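Report on the structure
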Amino acid sequence: MTNTIFGTAVNCMDGRVQIPICNWLRSQYGVDYVDMITEPGPVRFLAEDEDPWVSASIRRRLEISVNRHKSELVAIAGHHDCAGNPVPEETQLKQIVAAIKTVKGWNFKVRAIGLWVNENWEVQEVD
Ligand SMILES: [Zn+2]
């Protein structure tokens with residue numbers, strides 16, 4: 001475990017996005033493993049905080065990833081054709097930006113980035 005590098009993803013539960021997000025983070029950020037925190041359309045919850053219990057649950061899991069696995073990177077991901085967050089891409093991209101703000105407000109020592117998985121299941125970084 002000594003030199004194992006963990007990253008973290010707040011990702012949809014959708015089975016189509018697990019491998020793309022994991023592979024992308026491994027290749028682009030050099031992490032060995034990705035702790036996967038999944039909910040149906042998590043960016044919606046983090047952008048709007050419509051269900052504080054869900055946000056608190058995500059936060060609790062991120063805390064374990066950061067404190068125990070020493071993750072220094074958290075990716076917040078949305079994707080095409082999301083059943084849990086069936087809104088247009090433009091809306092999801094705005095939610096991702098708002099979600100990053102929410103996660104940064106938790107003040108973990110972690111870099112937060114946004115990712116979008118497009119209709120070809122390719123991963124793109126969100127500015
Ligand atoms: Zn989804």
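What counts and what doesn't
- Residues numbered from 1 in each chain as written.
- Predicted model: local features only at pLDDT ≥ 70, side-chain atom pairs only at ≥ 80, totals over all residues.
- Core = buried A, V, L, I, M, F, W, Y, C linked by C-beta atoms within 7 Å.
- Buried ≥ 20, exposed ≤ 12 C-beta atoms within 10 Å, placed from the backbone.
- Helix = DSSP H or I, 4+ residues; strand = E, 2+ residues; numbered from the N terminus.
- Contact = placed C-beta atoms within 7 Å.
- Pairing = 2+ DSSP bridges.
- Axes fitted to C-alpha atoms, helices over the stretch in contact; angles between N-to-C directions.
- Expected span 1.5 Å × (residues − 1).
- Arc of directions from axis to C-beta.
- Right-handed = clockwise from strand over helix to strand, strands pointing away.

Considerations on the nonpolar core
Among the nonpolar cores identified, the biggest contains 32 residues, and Ile-21, Ala-75, Ile-76 and Ala-77 are the most heavily contacted of them. Going through the elements one at a time, strand E1 (6–12), helix H1 (18–29), strand E2 (33–39), helix H2 (42–48), helix H3 (52–69), strand E3 (73–79), helix H4 (89–104) and strand E4 (111–117) are the ones with two or more residues in this core. The element contributing the most residues to this core is E3, with five residues. If sequence neighbours within four positions are ignored, Ile-21 has contacts with Ala-9, Asn-11, Val-34, Ala-75, Ala-77, Leu-115, Val-117 and Val-123.

Structural notes on the sheet that holds E2
Taken together, five strands build an open sheet; the order of strands is E2-E1-E3-E4-E5 and the sheet is mixed. What marks the edges here is a single partner per strand, and that holds for E2 and strand E5 (123–126). Within the sheet, the average angular offset between the axes of one strand and its neighbour, ignoring direction, is 30°. Of the strand pairs in this sheet, E4 and E5 are connected by four bridges, and their pairing is antiparallel.

Regarding the environment of Ala-47
Among the structural elements, Ala-47 can be located in helix H2. Since 23 C-beta atoms lie within 10 Å of it, Ala-47 is described here as buried. Along the chain, Ala-47 and Val-31 lie 16 residues apart, while their C-alpha atoms are 26 Å from each other.

Some thoughts on H1
Its 12 residues give H1 an end-to-end C-alpha distance of 16 Å, which sits within 8% of 16 Å, the value for a rise of 1.5 Å per residue. When H1 is considered as a whole, its buried residues turn out to be Ile-21, Trp-24 and Leu-25. Relative to the axis of H1, the buried residues are bounded by an arc of 95° and lie together on one face. Exposed side chains of H1 directed beyond 90 degrees from the buried face belong to Ile-19, Asn-23 and Ser-27. Turning to H1, the residues buried within the fold contact E1, E2, E3, E4 and E5. One or two positions beyond H1, positive phi appears at Gly-30, with a value near 65°.

What about the pairing of E1?
Burial runs high along E1: six of the seven residues are buried. One ladder, built from seven bridges, connects E1 with E2; its direction is parallel. In the strand pairing of E2, Gly-7 is matched with Val-34. Following the backbone out of E1, through H1 and into the adjacent parallel E2, one traces a crossover that is right-handed.

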